[in-house]
Amino acid sequence: MSKNSPKTIHLKDYTPTPYVIDRVDLKVELDAEETIVTSKLKLAPNPRANGTPGPLELDGEAIELKSIRLDGRSLEPRDFTAAERKLTLHAPPARPFEVEIRNLCRPKANTELSGLYLSNGIYCTQCEAEGFRRITYFLDRPDVLSRYRVRIEADRQEAPVLLANGNPIEAGEMDQGRHYAVWEDPFPKPSYLFAMVAGALGVVRDSFTTMSGRKVDLRIYVEPGKEDRCAWAMESIKAAMAWDEKAFGREYDLDIFMVVAVSMFNMGAMENKGLNVFNDKYVLASPDSATDLDYVNIEAVIAHEYFHNWTGDRITCRDWFQLCLKEGLTVFRDQEFTSDVRSRPVKRIQDVRTLRAQQFPEDAGPLAHPVRPSSYIEINNFYTATVYEKGAEVVRMLKTLLGPKDFRKAMDLYFERHDGEAATVEDFVACMSDASGRDLSQFFRWYEQAGTPEITANGQWHRGKKIYEIKLTQKLSPSPGQPEKRPQHIPIAIGLVGPNGNDMPLDVEGDALARPVLELNARSQTFRFSNIGSRPVPSINRDFSAPVKLNTNLTQKDLLFLMGQDSDAFNRWEAGQTIGKRLIVDAMAKVKARRRIAEPKGFADALKSTLGDRRLEPQFQALMLQLPSEQEVASDIARNVDPQLVHDGRDRLRQRLGVLLRQELLHCWNGIKLGEPYSPDPVSAGKRALRHAALSLIAAAEGKEGAELAMRHFTKAKNMSDEIGALGVLILLNEPQREEALKIFFERHGEDHLLLDKWFAMQAQVPHVETVARVRSLLTHKQFSWQSPNRLRALIGTFASLNPVAFNAPDGSGHRLLADVVIRLDKSNPQVAARLAASFRSYKALDGKRRRRAALALESILATKGLSRDTYEIVSRSLQ
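Note that the structure is predicted; figures quoted are calculated from it, not measured.

Q: What's the story with the packing of aromatic side chains in this structure? I'm lost.
A: Describing an aromatic ring pair means giving the distance of the ring centres and the angle of the ring planes. Within the structure shown, the criterion is met by 33 aromatic pairs. Ring centres 5.2 Å apart and planes at 70 degrees place the aromatic pair Phe132 and Phe194 in the edge-to-face group. Within this pair, whereas Phe132 is found in the loop between β11 (122-126) and β12 (146-155), its partner Phe194 is found in the loop between β15 (178-189) and β16 (196-199), the two being separated by 62 residues in sequence. Phe194 shares its class with Phe132; the two are buried. Between the aromatic rings of Trp759 and Phe760, the centroid separation amounts to 5.0 Å while the plane-to-plane angle is 80 degrees, which identifies the pairing as edge-to-face. Each member of the pair, Trp759 together with Phe760, is buried. We note Arg250 situated over the ring of Trp310; from NZ or CZ to the ring centre the distance is 4.6 Å. The ring of Phe714 has Arg748 lying over it, and the distance from NZ or CZ to the ring centre is 4.9 Å.

Q: What am I meant to see in the side chain of Arg342 here?
A: Tracing the chain through its elements places Arg342 in the loop between α3 (323-341) and α4 (344-364). Overall, Arg342 belongs to the buried group, its relative accessible area being 18%. Polar contacts involving the side chain of Arg342 include one to the main-chain carbonyl oxygen of Pro680, which spans 3.2 Å. Apart from the residues within four sequence positions on either side, Arg342 is in contact with Trp232, Val296, Glu299, Pro680, Asp681 and Pro682.

Q: Is there a simple way to think about the nonpolar core in this case?
A: For soluble globular proteins, the rule of thumb is that nonpolar side chains tend to be buried together. In this structure, Tyr414, Phe428, Tyr447 and Phe529 are the most contacted members of the largest nonpolar core, which totals 167 residues. Residue contributions to this core peak at 9 residues, all from helix α5 (residues 385-402). Here Tyr447 is in contact with Cys324, Pro370, Val371, Arg372, Val394, Leu398, Val425, Phe428 and Val429, once residues within four sequence places are set aside. Of all hydrophobic cores here, the second largest spans 117 residues; its members include Leu607, Phe620, Ile698 and Val821.

Parameters and conventions
- Residues numbered from 1 in each chain as written.
- Predicted model: local features only at pLDDT ≥ 70, side-chain atom pairs only at ≥ 80, totals over all residues.
- Heavy atoms only, no water.
- Phe/Tyr/Trp six-rings, centres within 6.5 Å; stacked < 30°, edge-to-face > 60°.
- Helix = DSSP H or I, 4+ residues; strand = E, 2+ residues; numbered from the N terminus.
- Buried < 20%, exposed > 50% of the residue type's maximum accessible area, 1.4 Å probe, protein only.
- Lys NZ or Arg CZ within 6 Å of the ring centre and 35° of its normal.
- Polar contact = N/O pair within 3.5 Å; in protein donor to acceptor, adjacent residues only side chain to side chain.
- Contact = heavy atoms within 4.5 Å.
- Core = buried A, V, L, I, M, F, W, Y, C linked by side-chain atoms within 4.5 Å.

Written as structure tokens, this is what we have:
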């Protein structure tokens, strides 16, 4: 690394802060151009720190110091140094003292959307991870927990609503048309959980009575005129509060709980204590503006941020290396919530699809890192699928190993032991171990080692001995900074399915298995099951009990049997996915050799049986019809990938399935009836999903017929789910109805920013190399905005992550397009620029020509003068 490279921060270097801040009194005088912030900080030497505390170094960024006082005395210039990112008091007293700082920040000029900024005229804050230092000088780290009292002053006409964390305690009028509000949060919190919102906002109100009988005031604040789209979000809040009481015994603790929806936001949402700030795409919903998936996402994200009240707010992180402690754990909690209020099998499948699409490629590429990273340059870059989704899988494995009863006991112990503290992953795992009596030292490697374990499972039935044995072998490939890996402790849930379709009793070496979970903790282990009188078909890694890649010696016949008979819904789906991947790879070889693909009759027959089984949920049937994605197939191939060939092989298989299943698909299309009015409930949503999946395969078999049916579906749609479902089919077809439908959609919804995002995203998915030119042209469209993270993600994020054919165009034009966007965006919003740059994460798996073109694009980014820490880290690591 050159001397000009940004500094790397290491977990091993953590030391407690020399000072603590017990109390924070803020006065914020809002003004779009120049906001004045006055902070009074009550500090004291930290008794946990080693040695005598030295100078007091406060973080500050993009703010201007006006004055500083110590215990009421103005400091002389020789007493402090105000540098670009630090305010240093050279000789603070070795006792409790008070520092009063007056500084200026500029919300209107803040394009990074970190700290205090304007979102469509609304004052908004985003302080995670290190945004509070852009508001005022502070010890901006998560292990500094303080109690906050906040006074907000603003022009009443510009900002009639003034909100902050905690409970409202005072409000009143001031001179010159200004007014104020005072909020106090009784719970100590780190600075990243500070929040403040002010502006002209509409409000929707309700209430919730907790299990102890306390009435909580619920409020959702939105831009005026959008109040009618808040009903679903409000119901989701109440459902989440009730579920957390029942599932984890966690009751809400303030008098008021607020959600604010804004349109300019770098993330999905933020769990600030009592004042959750949301990207409005995860709040606003109505049948004519939101799809079934939007309703599910709103329900899940509302729940996720609410659940942070305990796993993130009441117990926070000691340092940013412990990010998975709050995020992985809370993702697990929101997944369990959705599983309980909707369909557990469907939710599990959807979560695994997300993991494989986003996290497995991360694990396999140059950006791989452990669930708990050991170093970083910019912490914003570690809000990744590994921390969130894989972090949740690690918690799920703990529950699998402990069992539901001991896991709940361990969670209760965690809340009791660490409430009000900044904790570590070690603290969390210690609670799991102490509550269950289990040694989890080897399991801890899941937090320390990067990469996706590959499990090879070979089974053999010994007829004469009535023994079935399975040999499990684990392999963990090298990853950046970790050339050698140690064996992990891996729970593998298992079943042996007999010829009659029923699960056989499991006796391991003559002892009944209390729970059907094998614990693999060596590189290779053999498990023997006795009293097996007939050949079973093993159902391995049921419910995806461990986030691994699984290779088995199961035959096509075995997999078809599991597709129809396995009692584990996840493994029924998984068997179909395994067959699908095998058939796609075979089709690719045939396409490359210019030969006809083999007729997938057995697979088609199994899908026919699935469609005819009325015991199955429609949503599950829809998932069974969907082949593995192009990205997942490419991930399994892992080297010298030709994305066009993957697309063509998958497309050819879809075409043949559409032909073989034509009657069944048309029956789904014509036979499923939905009543009015629209409802986002799981059954209704599942029926719509099945109709759309059927229509997609019909169109794959015969493009012109499919385009006509999809256009009819589009024009007659009475809700956004059906409209987008039809448009999603048309996007994949090179038929005139595609452009006609896009034109109609824009004319219908061009004034709705959330639907415009869908319009941009749909065009970015057209699977042809010509889409590169389409996307570049859309960057100059009158409705495109470089300031809107949602619009950028919709167009560029979708293009780079969901359109491998166009993004990886052989001439490198797709890679150059992304590089151009990243370079321009890095100057105004480095967080979003870096996340878009991460779309190059799998480029080393491409074939030689594409790989070289991608590397050139990355090098052009790295050569840019003044590159941010955020983007520098992603690009430099990608090129290593």
